[in-house]
Amino acid sequence: MQTNFTPSQLADPHVAESEAILRKCVHCGFCTATCPTYVTLGNELDSPRGRIYLIKDMLENGRAADAEVTTHIDRCLSCLACTTTCPSGVDYMHLIDHARAHIENTYKRPLMDRLIRNVLAAVLPYPGRFRLALQLARLGRPLKAAFRRVPSLKPFAAMLDLAPRSIPTPSPFAKPGRHTAQAEQRGRVAILTGCAQPVLDPGINEATIRLLTRLGVEVVAPQGEVCCGSLVHHMGREEQALAAARANVDVWMREIEAGGLDAIIITASGCGTTIKDYGHMLRLDPAYADKAARVSALAKDITEYLASLDLPSHMPRGITVAYHSACSMQHGQKITMAPKLLLKTAGFTVRDPAEGHLCCGSAGTYNIMQPEISAELKARKVRNLEATKADVIATGNIGCITQIATGTGIPILHTVELLDWAYGGDMPAKLKGLEPAAALM
């Protein structure tokens, strides 16, 4: 793609990076075939190619964002299916990140939109506040129908739809601490506790820590860890995202210097994609660039790390698993085979749903901010998962688990919960209803 940025514009390193990304695009349109919003809406401006044109025009002409550009950028899920498809290697992720930051800095959103975004940014990254919000959701449920009738209030209805009826009790595994290896020690890792996940489903980190310690890996949950910054990063609130990244880099560098780390384990793939990008996010900060790159290099999805441990094979277990590959896993981190191979090695029969490349519609807060598009994507994903006739659905991201669980009766678990069970842990509570023959281990 030909660009016409001025030398003064290119003096801005963010503009220079975006210009280099834009120049790689050859207008081929391969991205449209795998873009969930284009497949759903059929609008060229809701495809990666269309958004690239909008971003180029906005940045090249030094224009503030307007309502039209913001609408189409907001509809992007950041699923990154386009980057998997693109034959030219267009770095769409960092281009859309720059566009969102530009929108945040130059466009004044409508009042209700600003309010909802401020609420999400002030609540979701903080486990205590998030737990309180979920407890208060029961008071708001009677208002759901009224919220749904007012377009600007539909996100509140979506929040209430997603809020669980019961909230698990806080887990001691969510507290900072050290979990010693239960076998001959062969590794030492830190675990990202997370923010929404330990509130919605503390069993995921519990299973991770139990499994790793049984396998001889010491697990540290460091003091001072904060949200990975993903949520505000995708809202274009770069300073908040970078502050979170710096705080976590400091925390993990202390652990690296104190006892060394083989990996930083992440059990939510959405967080993993962001943490693996810390080196890029902080590349212009001389005090953090090198440290952030070191942290990013150590970041590993739990399945990525387990695949390096050479786990023993088990005989078939009579349970069929539909594996849903979260977008942040398959497109963001390019981890596609490890989770399925681990499940097969553990004795599960694994099935791939049709259209596995398409997003389920969760995408961080997308299912709140864009509920109609999200609902269409969820229905499509659920149909494909249910068509596998599987006993269980497995995935590696809490957002996908929450989203898909509202559309199907098939139990959905994190991949590590099944692996923990297969290698000596208790049966996950969600599977207690399976037929006895299917649940035999």
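See the structure shown above.
On a predicted model such as this, the values are computed, not experimentally measured, just so you know.

A few points about the sheet that holds strand β2 (residues 187-191)
And step 1. In spatial order, the strands read β1-β3-β2-β4-β5; together these five strands make up an open sheet with mixed pairing. Both edges of this open sheet fall to β1 (177-179) and β5 (299-301), since each of them pairs with a single strand only. Across the sheet, the mean angle separating the axes of adjacent strands is 30° when strand polarity is ignored.
And step 2. By the bridge criterion, three bridges tie β1 to strand β3 (residues 217-221) in an arrangement that is antiparallel. Paired with R178 across the strands is V220, a residue of β3.
And step 3. In the packing of helix α18 (residues 289-298) onto the sheet, the strands contacted are β4 (263-266) and β5, and the crossing angle to β5 comes to about 25°.

Details of the side chain of R188
And step 1. Here R188 shows up in strand β2.
And step 2. When its relative accessible area of 13% is taken as the criterion, R188 is described as buried.
And step 3. At 3.0 Å, the side chain of R188 forms a polar contact with the side chain of E255.
And step 4. Contact partners of R188, with chain neighbours within four places excluded, come to V217, E218, V220, E255, G259, G260, L261, D262 and A263.

Focus: a nonpolar patch on the surface
And step 1. Nonpolar side chains collect at one region of the surface, where L132, L136 and L139 lie side by side and expose about 310 Å² of accessible area between them.
And step 2. Positionally, L139 belongs in helix α9 (residues 127-140).
And step 3. With a relative accessible area of 62%, L139 lands in the exposed category.

Digging into unusual backbone geometry
And step 1. A positive phi angle, near 55°, is found at D310, a position not held by glycine.
And step 2. Mapping D310 onto the fold places it in the loop between α19 (302-306) and β6 (320-323).
And step 3. Since its relative accessible area comes to 69%, D310 is described here as exposed.
And step 4. Although it is not a glycine, A363 sits at a positive phi angle of roughly 50°.
And step 5. Here A363 lies in the loop between β7 (349-351) and α22 (366-369).

Let's talk about the layout of surface pockets
And step 1. Here the second largest pocket is characterised by a volume of approximately 580 Å³.
And step 2. Along its surface, the second largest pocket is lined by 29 residues, and H14, D97, H98, A101 and E238 are the ones closest to its centre.
And step 3. The greatest single-element share of the lining of the second largest pocket, amounting to seven residues, is contributed by helix α7 (residues 92-106).
And step 4. When grouped by side-chain class, the residues that make up the lining of the second largest pocket number eight nonpolar, ten polar and eleven charged.

Focus: helix α23 (residues 371-386)
And step 1. Helix length check: α23 (16 residues) gives 22 Å between terminal C-alpha atoms against 22 Å at 1.5 Å per residue, within 8%.
And step 2. Looking at α23, one finds that the buried residues are P371, I373, S374, L377, K381, V382, N384 and L385. For α23, the buried positions fall inside an angular range of 165° around the axis, keeping them on one side.
And step 3. Looking at the buried side of α23, the elements it contacts are α3 (36-41), α11 (154-162), β6, α22, β8 (392-395) and α24 (398-405).

Regarding empty space enclosed by the protein
And step 1. Evaluated as defined, the whole model comprises three cavities of 30 Å³ or more.
And step 2. Estimates place the volume of the largest cavity at around 140 Å³.
And step 3. Lining of the largest cavity is provided by 17 residues; of these, C25, C31, I52, C86 and V90 occupy positions nearest its centre.
And step 4. Residue assignment for the lining of the largest cavity shows that the elements contributing at least two residues are α4 (48-60) and α6 (81-85).
And step 5. Per-element accounting of the lining of the largest cavity gives the leading share, three residues, to α4.

Brief notes about the nonpolar core
And step 1. Residues Y278 and L306 are the most contacted members of the largest nonpolar core, which totals 95 residues.
And step 2. With eight residues, the top contributor of residues to this core is helix α15 (residues 238-259).
And step 3. In contact with L306, not counting residues within four places along its chain, are L211, L212, L215, L311, L342, V416 and L419.
And step 4. M58, A65, C76 and A99 belong to the second-largest nonpolar core, a separate cluster that totals 25 residues.

Structural notes on the state of the cysteines
And step 1. Following the criterion strictly, the structure yields zero disulfides and no others.
And step 2. With no disulfide of its own, C195 lies 3.6 Å from the sulfur of C227, the closest cysteine sulfur.
And step 3. Left unpaired, C400 is separated from the closest cysteine sulfur, that of C360, by 3.9 Å.

Details of the packing of aromatic side chains
Two aromatic rings, taken as a pair, are described by how far apart their centres are and by the angle between their planes.
And step 1. This structure, assessed with the given rule, holds two aromatic pairs.
And step 2. For the pair F348 and W421, a centre-to-centre distance of 6.3 Å together with 45° between the ring planes defines the contact as tilted. Note that F348 is positioned in the loop between α21 (338-345) and β7 and W421 in helix α25 (residues 415-422), a separation of 73 residues in sequence. Taken individually, F348 and W421 each receive the classification buried, so the pair is uniform in this respect.
And step 3. When the ring centre of Y126 is taken as reference, the NZ or CZ atom of R129 above it lies at 4.0 Å.
And step 4. Between K291 and the ring centre of Y288, over which it is positioned, the NZ or CZ distance is 4.2 Å.

Reading the values: the criteria
- Residues numbered from 1 in each chain as written.
- Predicted model: local features only at pLDDT ≥ 70, side-chain atom pairs only at ≥ 80, totals over all residues.
- Heavy atoms only, no water.
- Pairing = 2+ DSSP bridges.
- Helix = DSSP H or I, 4+ residues; strand = E, 2+ residues; numbered from the N terminus.
- Axes fitted to C-alpha atoms, helices over the stretch in contact; angles between N-to-C directions.
- Contact = heavy atoms within 4.5 Å.
- Buried < 20%, exposed > 50% of the residue type's maximum accessible area, 1.4 Å probe, protein only.
- Polar contact = N/O pair within 3.5 Å; in protein donor to acceptor, adjacent residues only side chain to side chain.
- Patch = residues over 30% accessible without salt bridge, like charges linked within 9 Å, V, L, I, M, F, W, Y side chains within 5 Å.
- Areas by Shrake-Rupley, 256 points an atom, 1.4 Å probe, with all protein chains shown as cover.
- Salt bridge = Lys/Arg side-chain N within 4 Å of Asp/Glu carboxyl O.
- 1 Å grid on protein atoms, 1.4 Å probe; cavity = no way out; pocket = protein on both sides within 12 Å on 5 of 7 lines; lining within 4 Å.
- Points joined across faces, edges and corners; volume = space filled by probe spheres on them.
- Nonpolar A, V, L, I, M, F, W, Y, C, P; charged D, E, K, R; others polar.
- Expected span 1.5 Å × (residues − 1).
- Arc of directions from axis to C-beta.
- Core = buried A, V, L, I, M, F, W, Y, C linked by side-chain atoms within 4.5 Å.
- Disulfide = S-S within 2.5 Å.
- Phe/Tyr/Trp six-rings, centres within 6.5 Å; stacked < 30°, edge-to-face > 60°.
- Lys NZ or Arg CZ within 6 Å of the ring centre and 35° of its normal.

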